[in-house]
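Fold and geometry: a report
Single-letter residue listing:
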Amino acid sequence: MSKLFSPLQIKGISLKNRIVMSPMCQYSAIDGFVNDWHYTHYISRAIGGCGTIIQEATSVVPEGRISYADLGIWKDEHIGALKELTSAIEKYGAIPGIQLAHAGRKASCDLAWKGGHQIKSGVDSWQTVAPSPIPFYENDITPLELSSEDIKTIVDKFKEAAERAIKAGYKVLELHAAHGYLIHQFLSPITNHRSDEYGGSFENRIRFLLQIVDKILPLLNENLSLWVRISATDWVENGWNPDESVKLSSRLKSKGVDVIDVSTGGNVAHVKIPVAQGYQIPFASEIRQKTEVITGAVGLITQVSQAEDLLDKSKCDLVFIGRELLRNPYFALQAAIELDEDIDFQKQYERSFK
Ligand code: FNR
């Protein structure tokens with residue numbers, strides 16, 4: 001059997017293959033609710049054979065949205081429509097996951113296809129928050145520095161969002177601690193200039209994330225799994241770095257986080273990132289090797305042979321596929337054919353693939 005189609009057991013959850021749909025904002029929600037677009041988009045990738053689907057960054061509070069059209073899970077009213085989505089994803093053979101997020105200083109932005117710039121006034125804009133009052137771009141809104149009371153409130157908001165996600169039927173909860181959003185803003189000394197228990201030392205900078213993890217883990221049973229997406233490096237000197245990522249991953253693993261999903265960057269404007277095929281893999285591979293945590297790799301993984309090779313060479317345990325799945329919802333089905341795997345196809349499509 002190929003590596004890509006080897007099942008992976010995480011606690012009581014059986015992933016049928018190693019292909020994970022990477023979380024990707026669709027900027028298509030009103031008041032945080034999923035709608036026809038999200039159903040079509042995610043269910044297609046379940047029918048397309050992905051083992052696991054991680055729903056896009058879904059905000060734990062309205063002001064934590066990247067844009068006014070992000071998905072949300074800040075109120076109980078969101079649960080019903082999300083439950084319909086998770087039921088359909090499962091019905092078509094994939095494990096439903098959700099990325100719980102807060103954008104911090106990178107909130108209040110326009111839609112990606114309108115440029116994604118921060119909106120600074122009007123109904124679609126709001127005051128952003130961050131560990132320290134430092135904007136991402138010089139001309140962005142200066143974020144309000146969170147008080148320690150505010151921080152505790154946000155930790156509770158993550159917990160409440162996790163409770164709703166569980167009620168809505170998600171089996172995997174992924175915390176978005178990457179790409180320069182709020183949790184990453186705490187991790188990195190570039191964005192965290194605090195002098196209280198949340199800033200300064202490594203221990204203090206990881207405290208916010210660990211407090212969220214500590215609140216969520218007790219909510220889980222054997223059939224619910226907690227994953228964390230990190231940016232392994234800020235790609236700048238004196239930023240968050242790969243050594244800290246290894247140390248953090250090890251701490252998260254020992255607490256009971258099941259998977260570290262390894263991305264990079266996003267916290268510092270104007271940074272040069274050497275984007276090329278597989279450019280983030282060495283970070284995932286180092287974390288896997290040094291901590292033995294189940295590790296996901298992401299970033300320009302577009303070919304079946306490339307994905308298979310990464311798994312075969314033990315660089316990672318899961319491959320997260322982003323844009324290739326936007327281009328081709330049937331990536332996983334085509335991978336099965338290419339690797340000569342005898343998988344279960346939806347009967348309506350079977351004769352077209354075999
Ligand atoms: C993303 N990405 C992303 N990442 C994340 O952690 N949460 C998110 O909600 C989003 N949103 C998002 C939207 C869109 C349109 C794109 C293209 C990307 C990043 C994504 O998950 C992935 O890490 C990158 O796209 C790199 O992987 P690929 O696309 O090269 O396979």
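Computed from a predicted model, the values in this text were never measured in an experiment. By convention here, each chain's residues receive numbers from 1 onward along its written sequence. Only residues with pLDDT of 70 or above have their local features reported here, since the model is predicted, and side-chain atom pairs are shown and tallied only from 80 upward, although totals for entire chains, interfaces and linings are computed over all residues. To get the side-chain values, all heavy atoms of the structure are used, and hydrogens and water are removed first.

**Observations regarding the overall build of the protein**
What counts as a helix is a DSSP run of H or I of at least four residues, what counts as a strand is a run of E of at least two, and both are numbered from the N terminus. Within the protein, the regular secondary structure consists of 12 helices and 13 strands. Radius of gyration: over C-alpha atoms. The globule rule applied is 2.2 Å multiplied by the number of residues raised to the 0.38 power. Whereas a compact globule of 354 residues would reach a radius of gyration of roughly 20 Å, the protein reaches 19 Å, a difference of no more than 12%. Dimensions along the principal axes, computed over C-alpha positions, put the protein at roughly 60 × 40 × 40 Å. By residue count, 59% of the 354 residues in the protein fall in the buried class. By definition, residues are in contact when any of their heavy atoms lie within 4.5 Å. Here the contacts in the protein between residues at least 6 apart in sequence split such that 71% fall between residues at least 24 apart. In summary, the charge assignment counts Lys and Arg as positive and Asp and Glu as negative, without counting His or the chain termini. Charged side chains are reduced to one point each, which is NZ for Lys, CZ for Arg, CG for Asp and CD for Glu. Across the protein, the centroid of the 38 positively charged side chains sits 1 Å from that of the 44 negatively charged ones. The buried label applies to any residue whose accessible area, calculated with a 1.4 Å probe on protein chains only, is under 20% of its type's maximum; exposed applies above 50%, and partly exposed to all values in between.

**A word on the UniProt feature "domain: NADH:flavin oxidoreductase/NADH oxidase N-terminal" (unreviewed entry) in the protein**
UniProt positions are given in the numbering used here, feature names are shortened, and annotations may be inferred rather than shown by experiment. As annotated in UniProt, the feature "domain: NADH:flavin oxidoreductase/NADH oxidase N-terminal" (unreviewed entry) corresponds to residues 3-337 in the numbering used here. From the first C-alpha to the last, residues 3-337 spans 14 Å; its make-up is 33% helix and 17% strand.

**Digging into the pairing of strand β9 (residues 172-177)**
For β9, the tally of buried residues reaches six of six residues, placing the bulk of the element in the interior. Burial of β9 is two-sided: the residues Val172, Glu174 and His176 facing one way and the residues Leu173, Leu175 and Ala177 facing the other way are all buried. DSSP-based pairing: two strands are paired if at least 2 bridges between them are found. Both strand β6 (residues 95-101) and β9 contribute to a ladder of four bridges, which runs parallel. When the sheet's bridge partners are listed, Ile98 is paired in β9 with Leu173. Here six bridges tie β9 to strand β10 (residues 225-231), and the two strands are oriented parallel to one another. Bridge pairing in β10 links His176 to Arg229.

**Some details on the packing of helix α7 (residues 242-255) against helix α8 (residues 281-291)**
Helix axes are fitted only over the stretch in contact, all axes being lines through C-alpha atoms; the angle between N-to-C directions runs from 0 to 180 degrees. Between α7 and α8, whose axes approach to 9 Å, the crossing angle comes to 50°. As judged from the angle between their axes, α7 and α8 are oblique. Between α7 and α8 lies a crossing of right-handed hand. On α8, the residues touching Pro242, Asp243, Ser245, Val246, Ser249, Ser250 and Lys253 of α7 are Phe283, Glu286, Ile287, Lys290 and Thr291. Across the contact of α7 with α8, the residue classes tally to four nonpolar, four polar and four charged. Note on angle classes: values under 35 degrees are labelled roughly parallel, values over 145 roughly antiparallel, values of 65 to 115 roughly perpendicular, and the remainder oblique. Note on convention: near helix rotated counterclockwise from far helix by under a right angle means a left-handed crossing. Clockwise means right-handed. Under the scheme applied here, ten amino acids are nonpolar (Ala, Val, Leu, Ile, Met, Phe, Trp, Tyr, Cys and Pro), four are charged (Asp, Glu, Lys and Arg), and all others, including Gly, are polar.

**Side note on the pattern of salt bridges**
The term salt bridge refers to a pairing of a side-chain nitrogen on Lys or Arg with a carboxyl oxygen on Asp or Glu at a separation within 4 Å. Counted by the stated rule, this structure contains 17 salt bridges. With its nearest N and O atoms 2.8 Å apart, the salt bridge here joins Arg164 to Asp76. Here the residue Arg164 occupies a position in helix α3 (residues 148-167), and Asp76 occupies one in the loop between β5 (71-72) and α2 (79-91), the gap between them amounting to 88 residues. Looking at Arg164, the relative accessible area reads 10%, which means it is buried. When its relative accessible area of 48% is taken as the criterion, Asp76 is described as partly exposed. Put simply, Lys215 and Asp156 hold a salt bridge, and the shortest N to O gap is 3.0 Å. Taken as a pair, Lys215 in helix α6 (residues 207-216) and Asp156 in helix α3 lie far apart in primary sequence, 59 residues in all. A residue is classified by how much of its surface remains accessible, and Lys215, at 34% relative accessible area, is partly exposed.

**Structural notes on unusual backbone geometry**
The residue Lys11 is not glycine, and still its phi comes out positive at about 50°. The residue Lys11 is located in the loop between β1 (8-10) and β2 (13-15) in this model. A positive phi is found at Leu300, a non-glycine position, where the angle reads about 50°. Its place among the elements puts Leu300 in the loop between β12 (294-298) and α9 (304-312).

**Structural notes on the environment of Glu286**
If you trace the backbone, Glu286 turns up in helix α8. For the pair formed by Glu286 and Asp36, sequence separation is 250 residues and the distance between their alpha carbons is 40 Å. The residues touching Glu286, leaving out its near neighbours within four places in the chain, are Pro242, Asp243 and Val246.

**Looking at α7**
A helix's residues, less one, multiplied by 1.5 Å, set its expected span. The terminal C-alpha atoms of α7 lie 20 Å apart, and with 14 residues this matches the ideal 20 Å at 1.5 Å per residue to within 8%. Glu244, Ser245, Val246, Leu248, Ser249 and Leu252 are the residues of α7 that are buried. Looking at the packing, one finds that the buried side of α7 touches α4 (182-187), α5 (202-205), α6, β10, β11 (259-263) and α8. Where α7 terminates, the next one or two residues include Gly256, which has phi positive at roughly 125°.

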